[in-house]
There are 2 protein chains.
Amino acid sequence: MARQQRGIRTRRTILEAAGAVFDEHGYAATTIAMVLERAEVTKGALYFHFPSKESLARAVLAERPPLETVPVRPCKLQEMVDVTFVLACRLLDDPLLKGGVRLAVDQCAPQSVDHAGLFRRWADHLTWLLRQAREQGELLPSVDPRETVEMLVGSLAGIQLMSRALTERADLAHRVAVMWSHVLPSIAVPGLLPRIDAASDRGSRVTEDLG
Amino acid sequence: MARQQRGIRTRRTILEAAGAVFDEHGYAATTIAMVLERAEVTKGALYFHFPSKESLARAVLAERPPLETVPVRPCKLQEMVDVTFVLACRLLDDPLLKGGVRLAVDQCAPQSVDHAGLFRRWADHLTWLLRQAREQGELLPSVDPRETVEMLVGSLAGIQLMSRALTERADLAHRVAVMWSHVLPSIAVPGLLPRIDAASDRGSRVTEDLG
């Protein structure tokens, strides 16, 4: 059992190192040697868990994103807003998430690593929330949940890329707040709008509450 | 003179070939040999114009984007919408633009190629239009032109990336129309809104009019 747990811990160490290296260098420029050096594990341990660079990329992308850790809210639009702000917060210091997002927007990664999968999973989760919002009467009748979510996911992908290029994501939460201030009035019924908190410090407040 | 014109034509051939190769393979995986093969020019001709891969990337990114070719409109918001739809159209078949956009979102490109420069130029042009829209009373008082434009440019960067990954950009015009339908009501004064044409075939109609 102790041995198995050591295995799980080693796998995690390797994955986090791979996430950090992919984040910094992208798919094409990353080598197994760079991940080995970062993870400080033996070559044998790494190849036991991951036979190739591709399998490392796939595992980083398959990592469960922190969507489910956001508290359930009675208002589903608020929950969706919270998910995006918590992601923006975690993108500052979670190596696995950073690596996953980098790979997801990395057009150099081979098709076999399914780099669009991460976006698909996020889009699925947000669509599920938006459909609940519809059932609860939170949405304007013009909203098509899937279409709105794909627009949001695409926009967020580009906004974080721009924020990373310009400020190493220091202004990401602000940029997400600007996006919501432009988009929420076209999604939420007017009565709900003033009650949704989409200020740029929303993510840090929700994260704090999570402890 | 004939010789000088031949030089200009050769430079253009090389640039378009480089755009196509950067678009398909990204910065890291592109080699001078690939550009040579695509351009069908001599090694001497290529190195005469571009001493390195970096200088090729810089020239592709420095290419004047087709922003200025969009007809001037009395309504500046309409002109801004037109610019985005024409860009979406050209992204289907203009190798230089495709290469430039790919490099702009390519996080593998070295700092020295200033890949954020392309976005900055587009943002400057759109901000200039939005400031004119403000002077003409087209904007809601809540709009901060620069902030709105940076949100739009970031969003469009991500939306085209997603559209490329999912459909080779076949649905890009539709995705741009979805974005505008969510964002315009937060930008335009209500009276103007129904008069702005942001349907997904807007780009092909404007391009047709241009001949």
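Residues numbered from 1 in each chain as written. Chains lettered and ligands numbered in written order. Predicted model: local features only at pLDDT ≥ 70, side-chain atom pairs only at ≥ 80, totals over all residues. Heavy atoms only, no water.

Bringing the overall build of chain A into the picture now. Helices and strands together make up the secondary structure of chain A, namely 10 helices and 0 strands. The order of helices and strands in chain A, counted from the N terminus, is α-α-α-α-α-α-α-α-α-α. For chain A, the C-alpha radius of gyration of 19 Å lies close to 17 Å, the compact-globule estimate for 211 residues. Within chain A, buried positions represent 54% of all 211 residues. Put simply, 67% of the contacts in chain A that link residues at least 6 apart link residues at least 24 apart. Carbon and sulfur atoms make up 54% of the accessible area of chain A, which amounts to about 9500 Å² in all. (Helix = DSSP H or I, 4+ residues; strand = E, 2+ residues; numbered from the N terminus. Rg over C-alpha atoms; globule rule 2.2 N^0.38 Å. Buried < 20%, exposed > 50% of the residue type's maximum accessible area, 1.4 Å probe, protein only. Contact = heavy atoms within 4.5 Å. Areas by Shrake-Rupley, 256 points an atom, 1.4 Å probe, with all protein chains shown as cover.)

On to the interface of chain A and chain B. In many reports, interface size means the accessible area that the parts give up when they come together. Contact with chain A, which involves 31 residues of that partner, is made by 31 residues of chain B. Interface area, chain A with chain B, both sides summed: about 2700 Å², of which 64% is carbon and sulfur. Of all residues in chain A, A:Gln107, A:Met162 and A:His182 give up the largest surface area on contact with chain B, accounting jointly for 24% of the area buried on that side. A:Arg175 is the partner of B:Glu150 in a salt bridge, and the nearest nitrogen-oxygen pair spans 2.7 Å. (Buried area = accessible area lost by both parts, 1.4 Å probe. Salt bridge = Lys/Arg side-chain N within 4 Å of Asp/Glu carboxyl O.)

Before going further, it helps to spend a moment on helix α6 (residues 95-104) of chain A. Residues and elements named next belong to chain A. Within α6, 8 of the 10 residues are buried, leaving the element largely enclosed by the surrounding structure. Those residues of α6 not exposed but buried are Leu96, Leu97, Gly99, Gly100, Val101, Arg102, Leu103 and Ala104. Each element contacted by the buried residues of α6 is listed here: α1 (2-29), α4 (53-62), α5 (76-90), α7 (117-135) and α8 (145-167). Between the side-chain oxygen of the N-cap and the backbone nitrogen of leucine 96 there are 3.0 Å, and the N-cap of α6 in question is aspartate 94. (Polar contact = N/O pair within 3.5 Å; in protein donor to acceptor, adjacent residues only side chain to side chain.)

Between two aromatic rings, the relevant description is the distance of the centres plus the angle of the planes. Residues and elements named next belong to chain B. With the rule as written, the count across this model stands at 4 aromatic pairs over all chains. Measuring from centroid to centroid gives 6.2 Å for phenylalanine 119 and tryptophan 122, while their planes differ by 85°, and the two rings are edge-to-face. Of the two residues, phenylalanine 119 and tryptophan 122 both sit in helix α7 (residues 117-135), 3 residues apart, roughly one turn of that helix. Among the residues examined, phenylalanine 119 registers a relative accessible area of 11% and is labelled buried. Look at tryptophan 122 and you get buried, because its relative accessible area is 10%. Between lysine 53 and the ring centre of tyrosine 27, over which it is positioned, the NZ or CZ distance is 4.4 Å. (Phe/Tyr/Trp six-rings, centres within 6.5 Å; stacked < 30°, edge-to-face > 60°. Lys NZ or Arg CZ within 6 Å of the ring centre and 35° of its normal.)

Per the UniProt annotation, the sites labelled "DNA-binding region" (unreviewed entry) are residues 31-50 of chain A. The span residues 31-50 of chain A carries 75% helix and 0% strand; its end-to-end C-alpha distance comes to 13 Å. (UniProt positions renumbered as here; feature names shortened; annotations may be inferred.)

Our next topic: unusual backbone geometry. All names here are of chain A. In this model, glutamate 168 sits at a positive phi of 55°, which is unusual for a non-glycine residue. You can call glutamate 168 exposed: its relative accessible area is 61%. If you check the backbone angles, arginine 169 has positive phi at about 70° while not being a glycine. Mapped onto the elements, arginine 169 comes out in the loop between α8 and α9 (172-183).

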